[in-house]
Amino acid sequence: MKKSLFFLLAALVICSCRGPMGPEGPQGPKGDGMNWKIVDLDITQWDYSNYTDNNYYFAKYNVPALTNFVFTDGNVNGYILLKENGETIQHSLPYVLHKYDIDGNGDPIYYTETIDFVYGVGWVQIEVRDSDFAYEGDASIVPNAMSFRVVMTY
């Protein structure tokens, strides 16, 4: 009996929701809208920071679209573009990889590579930092070419 009553009430609720569509409401106020700008960066040349306590590789680019307004009132996101299974994907920055290599004695070296970005008015800098300091001061070991995307919304 309770099940029959439940199904009867459910059927009434579903059927009572149908009817002719009402008139369209009044036009709302015009919004500010949202603007966006995408900048793709292909990095083939890396600079070396050569700081005493904070060595890293970097590439700095002028980005005129990153105005003071975007910097203070907008949003800036960075992505690394990767190839996986023949498809291009994007991964948000920072991108952290746990890696290993073999040193000159044949022993494994375990380290973490962090790829991130910083920005200011008119510029973006991509940075690659390794947690292993075995390469500290050796500017001959340079990261491979990489592609990035910077997305600004304002």
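Above this text is the structure in question.
Keep in mind it's a predicted model, so treat the numbers as computed, not measured.

### Focus: the sheet that holds strand 6 (residues 95-102)
In step 1: Spatially, five strands are ordered 2-3-8-7-6 in an open sheet, and the strand pairing comes out antiparallel. The open sheet is flanked by strand 2 (47-48) and strand 6, the only strands paired with a single partner.
In step 2: Where strand 6 lies against strand 7 (residues 108-120), eight bridges are found, and the strand directions are antiparallel. In the sheet register, Val96 faces strand 7, and the bridge partner there is Thr114.

### Quick word on the packing of aromatic side chains
In step 1: Summed over the entire model, instances satisfying the criterion amount to five aromatic pairs.
In step 2: Where Phe117 meets Tyr119, the ring centres are 5.7 Å apart and the plane angle is 20 degrees; that geometry is what we call stacked.
In step 3: Pairwise contacts between aromatic rings join Phe71, Phe117 and Tyr119 into one cluster.
In step 4: Above the ring of Trp123, the side-chain terminus of Lys60 is found at 4.3 Å from the ring centroid.
In step 5: The lysine or arginine in question, Arg129, covers the ring of Tyr56, its NZ or CZ lying 3.9 Å from the ring centre.

### Some remarks on the sheet that holds strand 5 (residues 87-92)
In step 1: Reading across the sheet, the four strands line up as 1-9-4-5 and stay open at both edges, with antiparallel pairing between neighbours. Strands at the two margins of the open sheet, each flanked by one partner only, are strand 1 (36-43) and strand 5. Neighbour to neighbour, the strand axes of the sheet diverge by 25 degrees on average, direction disregarded.
In step 2: Examined bridge by bridge, strand 4 (residues 75-84) and strand 5 share six bridges and lie antiparallel to one another. If you follow Leu82 over to strand 5, its bridge partner there is Ile89.

Thresholds applied
Residues numbered from 1 in each chain as written. Predicted model: local features only at pLDDT ≥ 70, side-chain atom pairs only at ≥ 80, totals over all residues. Heavy atoms only, no water. Pairing = 2+ DSSP bridges. Helix = DSSP H or I, 4+ residues; strand = E, 2+ residues; numbered from the N terminus. Phe/Tyr/Trp six-rings, centres within 6.5 Å; stacked < 30°, edge-to-face > 60°. Lys NZ or Arg CZ within 6 Å of the ring centre and 35° of its normal. Axes fitted to C-alpha atoms, helices over the stretch in contact; angles between N-to-C directions.

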